[in-house]
Amino acid sequence: MNKVGLMIKELRKKKDVTQEQLGEVLSVSFQTISKWENGISSPDINLLPIIASYFGVSIDELFGYCLDALTYKERFIKFLVDNGVLRFGEFQLHSGRKSPYYIDLAQYLEGSQLSKLGEFYADIIRDNWTQANVLYGFGRNGVLLSVICSLTLFQKYGINMKYGFEKKNPKKKLKDTYICGKKLDAGDEVIILGDTITTGESIRKAIQDLTENAHIKVKQIIIMADRMELGLHSRDNAVEEVTREFDIPIHPIITTQDIINAIENHVIAREEYLESMKKYCLEYGE
(Lines give C-alpha, C1' and ligand atoms only; values in the text may rest on other atoms or scores of the structure.)
Protein backbone atom coordinates (compact mmCIF):
# COMPACT_ATOMS: atom_id res chain seq x y z
CA MET A 1 0.00 0.00 0.00
CA ASN A 2 1.46 3.40 -0.94
CA LYS A 3 2.80 5.44 1.95
CA VAL A 4 1.29 8.76 0.79
CA GLY A 5 -2.19 7.26 0.84
CA LEU A 6 -1.72 5.96 4.37
CA MET A 7 -0.44 9.36 5.50
CA ILE A 8 -3.41 11.16 3.90
CA LYS A 9 -5.74 8.80 5.74
CA GLU A 10 -3.97 9.40 9.05
CA LEU A 11 -3.91 13.18 8.62
CA ARG A 12 -7.53 13.26 7.49
CA LYS A 13 -8.68 11.38 10.57
CA LYS A 14 -6.63 13.61 12.88
CA LYS A 15 -8.21 16.64 11.26
CA ASP A 16 -11.63 14.94 11.57
CA VAL A 17 -12.71 15.50 7.97
CA THR A 18 -14.50 13.01 5.73
CA GLN A 19 -13.33 11.78 2.36
CA GLU A 20 -16.12 13.87 0.81
CA GLN A 21 -14.93 17.03 2.56
CA LEU A 22 -11.31 16.47 1.52
CA GLY A 23 -12.46 15.74 -2.02
CA GLU A 24 -14.27 19.09 -2.16
CA VAL A 25 -11.10 20.91 -1.11
CA LEU A 26 -9.02 19.13 -3.78
CA SER A 27 -11.76 19.11 -6.46
CA VAL A 28 -11.74 15.31 -6.72
CA SER A 29 -14.36 12.70 -5.84
CA PHE A 30 -14.47 10.87 -2.51
CA GLN A 31 -13.93 7.66 -4.53
CA THR A 32 -10.57 9.08 -5.62
CA ILE A 33 -9.64 9.81 -2.00
CA SER A 34 -10.64 6.25 -1.08
CA LYS A 35 -8.41 4.83 -3.83
CA TRP A 36 -5.45 6.83 -2.53
CA GLU A 37 -6.00 5.68 1.04
CA ASN A 38 -6.34 2.05 -0.01
CA GLY A 39 -3.24 2.05 -2.21
CA ILE A 40 -5.13 1.56 -5.48
CA SER A 41 -3.83 4.83 -6.95
CA SER A 42 -1.74 7.85 -5.94
CA PRO A 43 -2.42 11.60 -5.97
CA ASP A 44 -1.29 13.59 -8.98
CA ILE A 45 2.06 15.23 -8.26
CA ASN A 46 0.50 18.68 -8.76
CA LEU A 47 -1.87 18.01 -5.86
CA LEU A 48 0.86 17.19 -3.32
CA PRO A 49 1.64 20.84 -2.34
CA ILE A 50 -2.09 21.54 -1.93
CA ILE A 51 -2.60 18.43 0.23
CA ALA A 52 0.46 19.25 2.36
CA SER A 53 -0.68 22.86 2.84
CA TYR A 54 -4.21 21.76 3.78
CA PHE A 55 -2.91 19.49 6.54
CA GLY A 56 -0.18 21.92 7.66
CA VAL A 57 2.73 19.57 6.92
CA SER A 58 5.70 19.60 4.56
CA ILE A 59 5.77 17.41 1.44
CA ASP A 60 8.49 15.32 3.15
CA GLU A 61 6.12 14.74 6.07
CA LEU A 62 3.36 13.80 3.63
CA PHE A 63 5.64 11.01 2.39
CA GLY A 64 6.16 9.97 6.01
CA TYR A 65 9.87 10.72 6.24
CA CYS A 66 9.94 13.26 9.07
CA LEU A 67 6.96 11.89 10.94
CA ASP A 68 8.65 8.51 11.18
CA ALA A 69 12.21 9.64 11.85
CA LEU A 70 11.99 12.79 13.98
CA THR A 71 11.02 13.25 17.59
CA TYR A 72 8.06 15.40 18.63
CA LYS A 73 10.34 18.32 19.52
CA GLU A 74 12.30 17.99 16.26
CA ARG A 75 9.08 18.00 14.22
CA PHE A 76 7.96 21.15 16.00
CA ILE A 77 11.28 22.94 15.44
CA LYS A 78 11.30 21.96 11.76
CA PHE A 79 7.70 23.15 11.46
CA LEU A 80 8.64 26.54 12.94
CA VAL A 81 11.65 26.95 10.65
CA ASP A 82 9.81 25.78 7.51
CA ASN A 83 7.09 28.37 8.12
CA GLY A 84 9.45 31.25 8.89
CA VAL A 85 8.40 31.52 12.53
CA LEU A 86 11.75 30.49 14.04
CA ARG A 87 14.32 32.84 12.50
CA PHE A 88 18.05 33.21 12.97
CA GLY A 89 20.24 36.32 12.88
CA GLU A 90 20.55 39.11 15.43
CA PHE A 91 17.44 40.29 17.24
CA GLN A 92 16.94 42.86 19.99
CA LEU A 93 14.72 41.41 22.74
CA HIS A 94 12.47 43.35 25.14
CA SER A 95 14.97 42.47 27.86
CA GLY A 96 17.64 44.44 25.98
CA ARG A 97 19.61 41.31 25.14
CA LYS A 98 20.64 40.54 21.55
CA SER A 99 19.58 37.05 20.58
CA PRO A 100 20.75 34.87 17.66
CA TYR A 101 17.20 33.56 17.18
CA TYR A 102 13.67 34.87 17.41
CA ILE A 103 10.21 33.32 17.38
CA ASP A 104 7.59 35.47 15.68
CA LEU A 105 4.02 34.18 15.70
CA ALA A 106 2.99 37.02 13.40
CA GLN A 107 4.31 34.83 10.57
CA TYR A 108 1.34 32.47 10.89
CA LEU A 109 -0.89 33.59 8.05
CA GLU A 110 -2.80 30.51 6.87
CA GLY A 111 -5.38 28.27 8.46
CA SER A 112 -3.36 25.10 7.87
CA GLN A 113 -0.40 26.55 9.78
CA LEU A 114 -2.57 27.75 12.65
CA SER A 115 -4.25 24.35 12.83
CA LYS A 116 -0.89 22.60 13.07
CA LEU A 117 0.33 25.04 15.73
CA GLY A 118 -2.84 24.39 17.71
CA GLU A 119 -2.15 20.65 17.60
CA PHE A 120 1.30 21.05 19.16
CA TYR A 121 -0.14 23.16 21.97
CA ALA A 122 -3.12 20.84 22.45
CA ASP A 123 -0.83 17.81 22.75
CA ILE A 124 1.29 19.30 25.52
CA ILE A 125 -1.80 20.59 27.35
CA ARG A 126 -3.31 17.10 27.19
CA ASP A 127 -0.05 15.42 28.25
CA ASN A 128 0.17 17.71 31.32
CA TRP A 129 -3.56 17.95 31.96
CA THR A 130 -4.81 19.64 35.08
CA GLN A 131 -8.42 20.54 35.85
CA ALA A 132 -9.18 23.99 34.40
CA ASN A 133 -11.98 25.69 32.49
CA VAL A 134 -10.25 28.59 30.72
CA LEU A 135 -7.35 28.91 28.29
CA TYR A 136 -5.89 32.38 28.76
CA GLY A 137 -3.49 33.88 26.21
CA PHE A 138 -1.30 36.78 27.31
CA GLY A 139 0.70 39.33 25.37
CA ARG A 140 0.33 40.37 21.75
CA ASN A 141 -0.40 36.79 20.61
CA GLY A 142 -2.83 36.08 23.44
CA VAL A 143 -6.06 36.12 21.45
CA LEU A 144 -4.55 33.95 18.69
CA LEU A 145 -3.23 31.30 21.09
CA SER A 146 -6.33 31.11 23.25
CA VAL A 147 -8.70 30.73 20.28
CA ILE A 148 -6.76 28.17 18.23
CA CYS A 149 -5.92 26.07 21.31
CA SER A 150 -9.54 26.10 22.46
CA LEU A 151 -10.70 24.90 19.03
CA THR A 152 -8.01 22.23 18.67
CA LEU A 153 -8.43 20.82 22.18
CA PHE A 154 -12.10 20.21 21.48
CA GLN A 155 -11.61 18.84 17.97
CA LYS A 156 -8.74 16.51 18.88
CA TYR A 157 -9.48 15.49 22.48
CA GLY A 158 -13.08 16.51 23.15
CA ILE A 159 -11.96 18.93 25.89
CA ASN A 160 -14.33 21.88 25.88
CA MET A 161 -12.79 25.05 27.37
CA LYS A 162 -13.50 28.75 27.29
CA TYR A 163 -10.89 31.15 25.95
CA GLY A 164 -9.66 34.31 27.63
CA PHE A 165 -7.30 37.15 26.82
CA GLU A 166 -6.06 40.55 27.92
CA LYS A 167 -7.97 43.54 26.58
CA LYS A 168 -7.40 47.26 27.07
CA ASN A 169 -10.16 49.37 28.57
CA PRO A 170 -9.75 52.76 26.84
CA LYS A 171 -11.98 54.58 29.33
CA LYS A 172 -10.04 53.43 32.39
CA LYS A 173 -6.69 53.26 30.58
CA LEU A 174 -6.22 49.85 32.17
CA LYS A 175 -6.12 46.27 30.96
CA ASP A 176 -8.90 43.86 31.87
CA THR A 177 -9.05 40.09 31.48
CA TYR A 178 -11.75 38.86 29.17
CA ILE A 179 -13.25 35.49 28.34
CA CYS A 180 -15.15 35.12 25.07
CA GLY A 181 -15.70 38.88 25.13
CA LYS A 182 -16.78 38.98 28.80
CA LYS A 183 -14.72 39.50 31.93
CA LEU A 184 -13.32 36.44 33.65
CA ASP A 185 -15.16 35.42 36.81
CA ALA A 186 -13.63 34.96 40.24
CA GLY A 187 -13.15 31.24 40.74
CA ASP A 188 -12.28 30.47 37.12
CA GLU A 189 -9.37 28.02 36.80
CA VAL A 190 -6.95 29.03 34.10
CA ILE A 191 -4.17 27.59 31.94
CA ILE A 192 -1.98 30.46 30.71
CA LEU A 193 -0.68 30.25 27.14
CA GLY A 194 2.40 32.13 25.91
CA ASP A 195 5.02 32.03 23.19
CA THR A 196 8.44 32.39 24.87
CA ILE A 197 9.93 33.06 28.29
CA THR A 198 13.15 35.06 28.64
CA THR A 199 13.48 36.77 32.02
CA GLY A 200 9.94 35.79 33.08
CA GLU A 201 8.78 39.37 33.60
CA SER A 202 5.82 39.26 31.19
CA ILE A 203 4.57 35.95 32.63
CA ARG A 204 4.81 37.42 36.15
CA LYS A 205 2.66 40.33 35.00
CA ALA A 206 0.07 37.97 33.50
CA ILE A 207 -0.12 35.89 36.69
CA GLN A 208 -0.46 39.00 38.87
CA ASP A 209 -3.16 40.50 36.65
CA LEU A 210 -5.20 37.32 36.92
CA THR A 211 -4.69 36.50 40.59
CA GLU A 212 -4.68 40.02 42.07
CA ASN A 213 -7.09 41.93 39.83
CA ALA A 214 -9.46 39.23 38.62
CA HIS A 215 -9.02 36.76 41.51
CA ILE A 216 -8.44 33.87 39.15
CA LYS A 217 -6.76 30.55 39.99
CA VAL A 218 -3.84 29.86 37.64
CA LYS A 219 -3.26 26.09 37.37
CA GLN A 220 -0.33 25.92 34.94
CA ILE A 221 1.50 27.73 32.14
CA ILE A 222 2.16 26.39 28.64
CA ILE A 223 4.76 28.15 26.49
CA MET A 224 6.17 27.52 23.05
CA ALA A 225 9.84 27.96 23.95
CA ASP A 226 11.92 28.24 27.11
CA ARG A 227 14.95 30.37 26.24
CA MET A 228 16.70 28.84 29.29
CA GLU A 229 17.95 32.23 30.47
CA LEU A 230 18.67 33.46 33.97
CA GLY A 231 15.81 35.04 35.86
CA LEU A 232 15.85 38.53 37.33
CA HIS A 233 16.22 37.72 41.01
CA SER A 234 18.49 34.68 41.32
CA ARG A 235 21.00 32.43 39.56
CA ASP A 236 18.18 30.07 38.57
CA ASN A 237 16.71 30.18 35.10
CA ALA A 238 13.50 32.14 34.58
CA VAL A 239 11.23 29.07 34.45
CA GLU A 240 12.54 27.77 37.79
CA GLU A 241 12.35 31.23 39.33
CA VAL A 242 8.72 31.89 38.29
CA THR A 243 7.67 28.34 39.23
CA ARG A 244 9.13 28.74 42.72
CA GLU A 245 7.73 32.24 43.23
CA PHE A 246 4.12 31.38 42.31
CA ASP A 247 4.07 27.58 42.79
CA ILE A 248 2.71 27.16 39.26
CA PRO A 249 4.21 24.55 36.88
CA ILE A 250 5.49 25.77 33.50
CA HIS A 251 5.62 23.40 30.52
CA PRO A 252 7.57 24.46 27.39
CA ILE A 253 7.14 22.64 24.09
CA ILE A 254 10.82 23.20 23.26
CA THR A 255 13.91 24.84 24.79
CA THR A 256 16.94 26.63 23.37
CA GLN A 257 18.93 23.43 23.91
CA ASP A 258 16.40 21.54 21.76
CA ILE A 259 17.03 24.03 18.94
CA ILE A 260 20.80 23.62 19.30
CA ASN A 261 20.37 19.83 19.22
CA ALA A 262 18.24 20.10 16.07
CA ILE A 263 21.01 22.05 14.33
CA GLU A 264 23.70 19.59 15.47
CA ASN A 265 21.58 16.63 14.31
CA HIS A 266 20.96 18.31 10.92
CA VAL A 267 17.20 18.44 11.43
CA ILE A 268 17.37 22.08 10.34
CA ALA A 269 20.11 23.53 8.14
CA ARG A 270 21.29 26.41 10.30
CA GLU A 271 24.83 25.27 11.13
CA GLU A 272 26.23 28.79 10.61
CA TYR A 273 24.35 29.95 13.73
CA LEU A 274 25.44 27.08 15.99
CA GLU A 275 28.35 28.88 17.63
CA SER A 276 26.37 32.08 18.26
CA MET A 277 23.58 30.00 19.82
CA LYS A 278 26.04 28.30 22.19
CA LYS A 279 27.76 31.59 23.01
CA TYR A 280 24.42 33.19 23.87
CA CYS A 281 23.58 30.31 26.21
CA LEU A 282 26.91 30.67 27.98
CA GLU A 283 26.41 34.40 28.42
CA TYR A 284 22.78 34.45 29.57
CA GLY A 285 21.98 30.85 30.43
CA GLU A 286 21.87 29.15 33.76
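Shown above is the structure to which this text applies.
The rules we used
Residues numbered from 1 in each chain as written. Predicted model: local features only at pLDDT ≥ 70, side-chain atom pairs only at ≥ 80, totals over all residues. Heavy atoms only, no water. Core = buried A, V, L, I, M, F, W, Y, C linked by side-chain atoms within 4.5 Å. Buried < 20%, exposed > 50% of the residue type's maximum accessible area, 1.4 Å probe, protein only. Helix = DSSP H or I, 4+ residues; strand = E, 2+ residues; numbered from the N terminus. Contact = heavy atoms within 4.5 Å. Expected span 1.5 Å × (residues − 1). Salt bridge = Lys/Arg side-chain N within 4 Å of Asp/Glu carboxyl O. Polar contact = N/O pair within 3.5 Å; in protein donor to acceptor, adjacent residues only side chain to side chain.

Peer 1: I'd like to hear about the nonpolar core, residue by residue, with values.
Peer 2: Ranked by internal contacts, the top residues of the largest apolar core, which has 41 residues, are F76, L80, L86, F88, L117, Y121 and L193. Here this core gets six residues from one element, more than from any other, and that element is helix 8 (residues 111–127). When sequence neighbours within four positions are dropped, the list of residues in contact with F76 reads L117, F120, M224, I253 and I254. If you look at the next biggest cluster of nonpolar residues, it comprises 20 residues, including V134, Y136, I207 and I250.

Peer 1: Describe helix 9 (residues 142–157), listing the residues and the values that go with them.
Peer 2: With 16 residues, helix 9 extends 22 Å between its outermost C-alpha atoms, agreeing within 8% with the 22 Å of an ideal straight helix rising 1.5 Å per residue. Along helix 9, the residues classified as buried are G142, L145, S146, I148, C149, S150, T152 and L153. Backbone geometry just after helix 9 places G158 at a positive phi near 70°.

Peer 1: Describe in detail the pattern of salt bridges, supporting the description with residues and values.
Peer 2: Side chains bearing opposite charge may pair, as long as their charged atoms lie close to each other. Applying the stated criterion to the full structure yields 15 salt bridges. Between E245 and R204 there is a salt bridge whose closest N-O contact spans 2.8 Å. Placement of the pair is E245 in helix 11 (residues 238–246) and R204 in helix 10 (residues 201–213), with a sequence separation of 41 residues. Three or more residues are tied together by salt bridges with common partners; here these are E201, R204, E241 and E245.

Peer 1: With reference to specific residues and values, describe the side chain of R97.
Peer 2: Structurally, the position occupied by R97 is in the loop between strand 1 (86–92) and strand 2 (98–103). Here E229 takes part through its side chain, which lies 2.3 Å from a polar atom of the side chain of R97. If sequence neighbours within four positions are ignored, R97 has contacts with F91, Q92, T198, T199, E229, L230, Y280 and Y284.

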